[in-house]
Amino acid sequence: MGRAEHETAQEVADPTDYSDLRRCAAEAIGTFVLVFSAVGTAVFAGDYVGQLGVALAFGLTLLFLVYTIGPISGCHVNPAVTLGQLIVGQVTAVRAVGYWLAQIIGGLVAGVTIYAIASSLPSYDRAADGLGANGWGAHSPSAIRGPLGGVLENGYGIGAAMVVEILLTALLVFVVLSTTDRIADVPIAGIAIGFTLAVIHLISIPIDNTSVNPARSLAVAFYQNGALGQLWLFIVFPLIGGALGALVYAFLFGRRQGLRPS
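Keep in mind the model is a prediction, meaning the values are calculated, not measured.

*Asks:* Where do I start with the overall build of the protein in this structure?
*Replies:* A tally of regular secondary structure across the protein gives 11 helices and 2 strands. Ordering the α and β elements of the protein from the N terminus gives α-α-α-α-α-α-β-β-α-α-α-α-α. Taking 262 residues into account, the globule formula puts the C-alpha radius of gyration at 18 Å, and the protein, at 18 Å, falls close to it. Here the C-alpha coordinates of the protein stretch approximately 70 × 35 × 30 Å along the principal axes. Across the 262 residues of the protein, 51% fall into the buried class. Approximately 11,700 Å² of the protein is accessible, and the part contributed by carbon and sulfur atoms is 68%. Of the charged side chains in the protein, 11 are positive and 15 negative; the average position of the first set lies 7 Å away from that of the second.

Below is the structure:
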């Protein structure tokens, strides 16, 4: 008899085919590509493509990563997604820690690379231009700045940043888990996940520059004035959102395990 009708991509590619080292390498490379491509678009081309272009850069990058490294590591490229997978039993605690370390390393290398490239432009001003970091209040993209660079009026506040990071990360993790569930149409999962991330950015770029990914926030916080002091929110609240998304998935789908542990 042939393969089951709803066999998942992870089941087609036998999980034993890939060592933990290869899986972690895939996560590091994938996180590097996501941060470099998407945050790089915001830094290098944001004035040309606008917020829609940046949102599509995040979504389309994640879309092609799902199909390239997904069969190896599951394409988490986000500590919040890994936490969600851990909660529903799709990764072990040891593998989750390895993924988190790989994602942080990949993101940090991408941040250094973006900053090195940006700094080679004579007109680049680190204090004025930043590096696509997340922030609220005076550091929100909606803050009104004066002609001399000072903040005339703060943008969205800390409460707004907390709410959107919880809700939108929960949405992302829920979509990841539900579209890769054993009853889902897995071949189109990458499309759903990628465009979900794009929509998430369309919603929240004006609010806090959109994190929903602690590795993305950590990657560039060192290169923008004031970002390190606010970094904690973009680590803690996406993780809370990731846990919430996993719990909603478990409740709606009525089980803790939709896939074999990866």
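Moving on, there is more to tell.
*Asks:* For this particular structure, what's the right way to read helix H8 (residues 189-208)?
*Replies:* Every α-helical turn comprises 3.6 residues, leaving residues that sit three or four positions apart pointing alike. The terminal C-alpha atoms of H8, which comprises 20 residues, lie 27 Å apart, in line with the 28 Å expected from a rise of 1.5 Å per residue. At leucine 202, H8 shows its strongest bend, of approximately 40°, with the proline proline 206 following within four residues. Just downstream of H8, asparagine 209 is the residue with a positive phi angle, here 75°.

*Asks:* Looking at this model, I keep getting lost on the pattern of salt bridges. Mind explaining?
*Replies:* Charged atoms that come close allow side chains of opposite charge to pair. With the rule as written, the count across this model stands at 1 salt bridge. Arginine 95 serves as the salt-bridge partner of aspartate 20, at 2.6 Å between the closest nitrogen and oxygen. Of this pair, aspartate 20 sits in helix H2 (residues 20-68) while arginine 95 sits in helix H5 (residues 93-119), and the two are 75 residues apart along the sequence. Here aspartate 20 falls in the partly exposed class, since its relative accessible area comes to 37%. For arginine 95, a relative accessible area of 18% puts it in the buried group.

*Asks:* Explanation requested: the environment of leucine 167 in the structure shown.
*Replies:* Counting through the fold element by element, leucine 167 comes out in helix H7 (residues 158-179). Look at leucine 167 and you get exposed, because its relative accessible area is 51%. Each C-alpha atom, one on leucine 167 and one on phenylalanine 237, is 9.3 Å from the other, the two residues being 70 residues apart in sequence.

*Asks:* What exactly am I supposed to notice about the packing of H5 against helix H9 (residues 214-221) here?
*Replies:* Helix-helix packing is described using two parameters, namely the angle between the two axes and the distance between the axes. In the contact formed by H5 and H9, the axes pass within 8 Å of each other and the chain directions differ by 35°. In this structure, H5 crosses over H9, and the sense of that crossing is right-handed. Residues Gln103, Ile104, Gly107, Leu108 and Gly111 of H5 form the contact with H9, whose participating residues are Ala215, Leu218, Ala219 and Val220. Residues belonging to the contact of H5 with H9 are distributed by class as follows: 6 nonpolar, 3 polar and no charged.

*Asks:* Teacher, can you tell me more about the side chain of aspartate 208 here?
*Replies:* In this fold, aspartate 208 is placed in helix H8. Of the side chains with opposite charge, arginine 216 comes closest to the buried, unpaired aspartate 208, at an N-O distance of 7.9 Å. Here threonine 210 takes part through its backbone nitrogen, which lies 2.9 Å from a polar atom of the side chain of aspartate 208. If we ignore the near neighbours within four places in the chain, the residues touching aspartate 208 are Asn134, Gly135, Pro141, Ala161, Val164, Glu165 and Phe234.

*Asks:* Would you explain the packing of aromatic side chains in this entry?
*Replies:* Each aromatic ring pair is described using two quantities: the centre-to-centre distance and the angle formed by the ring planes. This model, assessed by the stated rule, comprises 7 aromatic pairs. Ring geometry for tyrosine 115 versus tyrosine 223: centroids 4.8 Å apart, planes at 20°, classification stacked. Taken together, the residues span a long stretch of sequence, with tyrosine 115 in helix H5 and tyrosine 223 in the loop between H9 and helix H10 (227-230) at a distance of 108 residues. Its relative accessible area of 26% is what places tyrosine 115 among the partly exposed residues.

*Asks:* What should I look at first to understand the packing of H2 against H9 in this one?
*Replies:* Remark: H2 packs on H9, axes separated minimally by 10 Å, with the N-to-C direction vectors making an angle of 80°. Between H2 and H9, the angle is such that the two are roughly perpendicular. Across from Thr31, Val35, Val39 and Phe58 in H2, the residues of H9 making contact are Ala215, Arg216, Ala219 and Val220. Among the residues making up the contact of H2 with H9, the classes are represented as 6 nonpolar, 1 polar and 1 charged.

Analysis parameters
Within any chain, residue numbers begin from 1 and follow the written order of that chain's sequence. Residue-level local features of this predicted model are given only where pLDDT is at least 70; pairs of side-chain atoms are given and counted only at 80 or more, and the full residue set underlies all totals for whole chains, interfaces and linings. The side-chain figures draw on all heavy atoms in the structure; neither hydrogens nor water molecules are used. Helix and strand definitions follow DSSP, with helices as H or I runs of at least four residues and strands as E runs of at least two, each counted in order from the N terminus. When we talk radius of gyration, it's over C-alpha atoms, and the globule rule is simply 2.2 Å times the number of residues to the 0.38. Each residue's exposure class comes from its accessible area (1.4 Å probe, protein chains only) as a fraction of the maximum for that residue type: buried when under 20%, exposed when over 50%, partly exposed otherwise. Values of accessible area rely on a 1.4 Å probe in the Shrake-Rupley scheme; residue burial ignores everything except the protein chains shown. The sign given to each residue is positive for Lys and Arg and negative for Asp and Glu; His and the chain ends receive no count. Charge positions come from single atoms, namely NZ of Lys, CZ of Arg, CG of Asp or CD of Glu. For a helix, the expected span equals 1.5 Å multiplied by the residue count minus one. The bend at a residue is defined as the angle formed between two axes, one fitted to the seven residues ending at that residue and one fitted to the seven starting there. Only one rule defines a salt bridge in this text: a Lys or Arg side-chain nitrogen within 4 Å of an Asp or Glu carboxyl oxygen. Orientation is described by lines fitted to C-alpha atoms, with helices fitted over the stretch in contact, and by angles between N-to-C directions that extend from 0 to 180 degrees. With the far helix as reference, a near helix turned anticlockwise by less than a right angle produces a left-handed crossing, and one turned clockwise produces a right-handed crossing. Contacts were defined at the residue level, with two residues in contact if any of their heavy atoms lie within 4.5 Å. Residue type decides the class: Asp, Glu, Lys and Arg count as charged, Ala, Val, Leu, Ile, Met, Phe, Trp, Tyr, Cys and Pro as nonpolar, and the leftover types, Gly among them, as polar. Distance and chemistry together define a polar contact, namely a pair of N or O atoms within 3.5 Å, with one atom able to donate a hydrogen and the other to accept it when in protein, and with adjacent residues in sequence counting only for side-chain atoms on both sides. Here a pair means two rings of Phe, Tyr or Trp (six-membered ring of Trp) with centres within 6.5 Å. Their orientation is stacked below 30 degrees between planes, edge-to-face above 60, and tilted elsewhere. Just so you know how the angles are binned, under 35 degrees is roughly parallel, over 145 roughly antiparallel, 65 to 115 roughly perpendicular, and the rest oblique.

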